[in-house]
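Descriptive analysis of the structure
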Amino acid sequence: MNLKSVIEKTPGYNSLVKPLHWEQAARAALKYDVPAKKLRVIAVTGTNGKTTTCFMIWKMLNHAGRKAGLLTTVGWSEDGENLHPQFEHMTTERVCVLNERMRAVADAKAEFLVLEVTSHALCQSRVLGVPVEIAVFTNLTPEHLDYHKTFAKYRAAKQKLFKKARFGVVNADDANMEYFAKEYASGDIITYGTKQGDLRATEVKLLPTGVEYSCGEMKIRTQIPGEFNVYNSLAAVGVGKRVGLTDKQIVDGIYSLKSVEGRMTRVQAGQDFEVIVDYAHQPDALQKVFDSVKPGMKSGKIIAVHGGAGRRDHATREPRGEILGKESDVVIITEDDTRDEDPAEIAAMFVAGAEKSGKVLDKDLFVELDRERAILKAIKMAKKGDLVLILGKGHEKTILRADGPHEFEDIKVAERLLRG
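Report follows, based on the coordinates. (Residues numbered from 1 in each chain as written. Predicted model: local features only at pLDDT ≥ 70, side-chain atom pairs only at ≥ 80, totals over all residues. Heavy atoms only, no water.)

Observations concerning the nonpolar core
To keep it simple, the criterion reads: We define the nonpolar core as a collection of buried residues of types Ala, Val, Leu, Ile, Met, Phe, Trp, Tyr and Cys that are connected through side-chain atoms lying within 4.5 Å of one another. Burial classification: accessible surface area is computed with a 1.4 Å probe over protein chains only, and a residue below 20% of its type maximum counts as buried, one above 50% as exposed, and the rest as partly exposed. Only heavy atoms matter for contacts: two residues are in contact if any of them lie within 4.5 Å across the pair.
Counting residues in each nonpolar core, the largest one holds 43 residues, and the members touching the most others are Ile57, Leu61, Val136, Ile220 and Val237. Contacts of Ile57, omitting those with residues within four sequence positions, involve Ile42, Val44, Val114, Val136, Ala236 and Val239. Ranked by size, the runner-up nonpolar core spans 31 residues in total, among them Leu39, Ala110, Ala121 and Ala165.

Let's talk about the sheet that holds strand β2 (residues 68-71)
Strand pairing within a sheet occurs via backbone hydrogen bonds; the two strands may be parallel or antiparallel. Heads up, the rule is: What makes two strands pair is DSSP finding at least two bridges between them. For the purposes of this entry, the term helix denotes a DSSP run of H or I that reaches at least four residues, the term strand denotes a run of E that reaches at least two, and both are numbered from the N terminus. Helix axes are fitted to C-alpha atoms over the stretch in contact, other axes to C-alpha atoms as well, and angles between N-to-C directions run from 0 to 180 degrees.
The strand order across the open sheet formed by 9 strands is β4-β3-β2-β5-β1-β6-β7-β8-β9, and the pairing between neighbours is mixed. In this open sheet, the two edge strands, each paired with only one partner strand, are β4 (84-85) and β9 (199-200). Sheet topology note: the strand β8 (residues 189-193)/β9 ladder contains 2 bridges and is parallel. Note on β9: the bridge partner recorded for Gly193 is Arg200. Seen against the sheet, helix α4 (residues 50-63) touches β1 (40-45), β2, β3 (75-77), β5 (112-116) and β6 (132-137) and runs at an angle of roughly 170° to β5.

Overview of the pairing of strand β20 (residues 404-407)
Note on strand geometry: in a regular strand, side chains alternate between the two faces of the sheet. Where strand β19 (residues 398-401) meets β20, 4 bridges bridge the pair, whose relative direction is antiparallel. Pairing of Arg401 across the sheet is with Gly404, part of β20. A loop of 2 residues connects β19 with β20, the two strands running antiparallel in sequence.

Observations regarding the sheet that holds strand β12 (residues 218-221)
Here 3 strands make up an open sheet; going across it, the order is β10-β11-β12 and the pairing antiparallel. The strands lining the two open edges of the sheet, one partner per strand, are β10 (202-207) and β12. Put simply, the sheet's adjacent strands are angled 10° from each other on average, direction ignored. Where β10 and strand β11 (residues 210-215) come together, 4 bridges link them in antiparallel fashion. Bridge assignment links Lys205 to a residue of β11, and that residue is Glu212. Its contacts with the sheet place helix α10 (residues 228-242) against β10, β11 and β12, and it is angled at close to 50° to β11.

Some remarks on the pattern of salt bridges
Convention followed: The term salt bridge refers to a side-chain nitrogen of Lys or Arg lying within 4 Å of a carboxyl oxygen of Asp or Glu.
If you walk through the whole model with that rule in mind, you get 24 salt bridges. Linking Lys356 and Glu318 is a salt bridge whose minimum nitrogen-to-oxygen distance equals 2.7 Å. Remark: Glu318 occurs in helix α13 (residues 317-327) and Lys356 occurs in helix α14 (residues 343-356); sequence separation between them is 38 residues. With its nearest N and O atoms 3.5 Å apart, the salt bridge here joins Arg373 to Glu368. In this structure, a network of salt bridges that share partners links the residues Arg40, Arg66, Glu111, Glu133 and Arg166.

Structural notes on the environment of Pro35
Structurally, the position occupied by Pro35 is in the loop between α3 (18-31) and β1. Each C-alpha atom, one on Pro35 and one on Leu98, is 10.0 Å from the other, the two residues being 63 residues apart in sequence. With residues up to four places along the chain from it excluded, the contact list for Pro35 reads Ala29, Asn99, Met102, Arg103 and Ala106.

Some words on α10
Operational definition: One fewer than the residue count of a helix, multiplied by 1.5 Å, yields its expected span.
Compared with an ideal rise of 1.5 Å per residue, which puts 15 residues at 21 Å, α10 spans 22 Å between its outermost C-alpha atoms and is within 8% of the ideal. Of all the 15 residues making up α10, 13 are buried; the element is thus mostly covered by neighbouring parts of the structure. Among the residues trailing α10, Gly244 stands out with phi positive, at a value near 90°.

Focus on the environment of Leu206
Position of Leu206 among the secondary structure elements: in strand β10. Note on Leu206: relative accessible area 42%, which makes it partly exposed. Aside from chain neighbours lying at most four places away, what touches Leu206 is Val211, Glu227 and Val230.

Description of the layout of surface pockets
So the rule is basically this: Cavities and pockets are defined on a 1 Å grid built over the protein atoms alone: a cavity is a set of grid points where a 1.4 Å probe fits but cannot escape, while a pocket is an open set with protein on both sides within 12 Å along at least five of seven lines, and lining residues are those with an atom within 4 Å of any such point. Grid points are joined across faces, edges and corners, and a volume is the space filled by probe spheres set on the points. Nonpolar residues are Ala, Val, Leu, Ile, Met, Phe, Trp, Tyr, Cys and Pro. Charged residues are Asp, Glu, Lys and Arg, and all others, Gly as well, are polar.
A volume near 530 Å³ is recorded for the second largest pocket. What lines the second largest pocket is a set of 22 residues, and nearest its centre among them are Pro208, Glu274, Val293, Gly296 and Met297. Broken down by secondary-structure element, the contributors of at least two residues to the lining of the second largest pocket are β10, β11, β14 (274-278) and α12 (283-293). Considering only residue class, the lining of the second largest pocket consists of 11 nonpolar, 6 polar and 5 charged.

Thoughts on the packing of aromatic side chains
Here is the rule: Geometry of aromatic contacts follows a simple scheme: Phe, Tyr and Trp rings, the Trp one being its six-membered ring, pair when their centres are within 6.5 Å, and the pair is stacked under 30 degrees between planes, edge-to-face over 60, tilted otherwise. Here, a charge over a ring is recorded when the distance from Lys NZ or Arg CZ to the ring centre is within 6 Å and its angle to the ring normal is within 35 degrees.
Under the definition given, this model contains 5 aromatic pairs. Ring centres 5.7 Å apart and planes at 85° place the aromatic pair Phe55 and Trp58 in the edge-to-face group. Placement of both Phe55 and Trp58 in helix α4 is noted, with a separation of 3 residues, approximately one turn of the helix. The burial state of Phe55 is the same as that of Trp58; both residues are buried. With centroids separated by 5.1 Å and ring planes inclined at 70°, the aromatic side chains of Phe162 and Phe180 adopt a geometry described as edge-to-face. Residue Phe162 is found in helix α8 (residues 151-164), and its partner Phe180 is found in helix α9 (residues 177-181); the two are separated by 18 residues along the sequence. An aromatic cluster is built from Phe137, Phe162, Phe180 and Tyr184, whose rings are joined through pairwise contacts. When the ring centre of Tyr179 is taken as reference, the NZ or CZ atom of Arg155 above it lies at 3.5 Å.

Shape is all these values report; function is a separate question.
So, in C-alpha cells, the structure goes:
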C-alpha cells in the first residue's frame, strides 16, 4: 500500500483537508481572473448519464448558434467545434486545470459553459467561484461510498450544486427528486420523466440506432441507443426550454449528436457479431446497459468483460459480479485501474458474485487479469449474432496499475484485435 492510500484512510482525512481544498480553489480562480463569471454555466450532476447529458446540451446549444464550451469526463472544448481528449481519470478537473480550461472557454467568447460536476468536486470546493445558472440532476444511486461513507452524505454532496444554482432541471422519476427540487420555488424548476414531470416522454420507442418519443408537440430522436437516453435527452430539453430555444432547435440539436466516446460505442471491423464499449462501472449503470441491449438481441449470446478499480467501492464488486452473471451468457473478469490493490483479490470478489447467479468457473465464468487478453478471449469466443460488451473504462486512455499509468484504450484495442 503506498503512502497516498495510507493518508487517505486516516480517520477524518476528508474534513482535515477541506481548508486546503478551499485555499487551492480560491488561488486558482484568482489566478485566472475567475473565468466562469463571464459564462452562463450549466452544471450537470448525478450518478449516471452526466457525460451524455452534457454532450447533448452542448451539441444542442451550438447547433442553435449559441456558442458553448464543454468540460466533461470524456473531453473538453472551448467552443462548439474543437473537442480535446481528457487523459486524466477525473471528471471535474483539478482546480488549476479546471480554471485554465474555463479561461480558454471565456477567451473563445462562448456564451455558455456545460460543466460535468461530481460529488468529489463539490466536497473539495473545485467549483468555488463558479456561478451556476442551471443545475441539472440526472439520477442517484449509491456510488463513491468509500469516500462519502454513507448514501445520505453522498446525496448531500450533490445537493450543494442546487443550493448555489439559480434554476433546476430535475428528474422527477428518481426516488431522490424531492431532495433536489426543494431548493427551488415553482417558477425556478423544470422536472422531467416518463412517469411524471413537467416534461413527459410518451410513445417511447427503443431502437438499435437510438430512441424516439413524444414530448408535448416535440418528436424527440437520438442517435444513441439505450432507455437511459430518454432521460438524458429530456434533461437537455429542459435546458433548451429554459434558455429560450425553439422546439425545432431543441429537436434538431439533440438529434445532431451522433455519439459520445465510450458510451454505448459500437466497434465495427467487418465482424458478424456486435462489440460495444461502455463506461458502466457500478451496479445501476451495468444493469441499465443490459436492459438496453437485450431487447435488440434476436439471438446469440452476451459475452461480458469487466473488472473493478483498486481503492474504489469495494462493496459494489460482488453485486456487480452477480449482475454480470445473471445478465450475461459468459463472464470474463479482468483488471481495471487496480492501482496498488492485488488484481486477483479484486477479481475474486466479482467471481463470488457471478457464482451466486449460477455461473461456473472455467465453464461460463473466466478470470483473465490482463485486460487485452481478456478482450481477445471474448472476441475469439464470439460467433455470428453474439454481443461482446467491454465494460468499465469506456473512453479512458490509460489503465492504472501498481507501477503507474499504461496506455490503454478499450475501443482502439478492440478494433486492433478484431482486425487481427
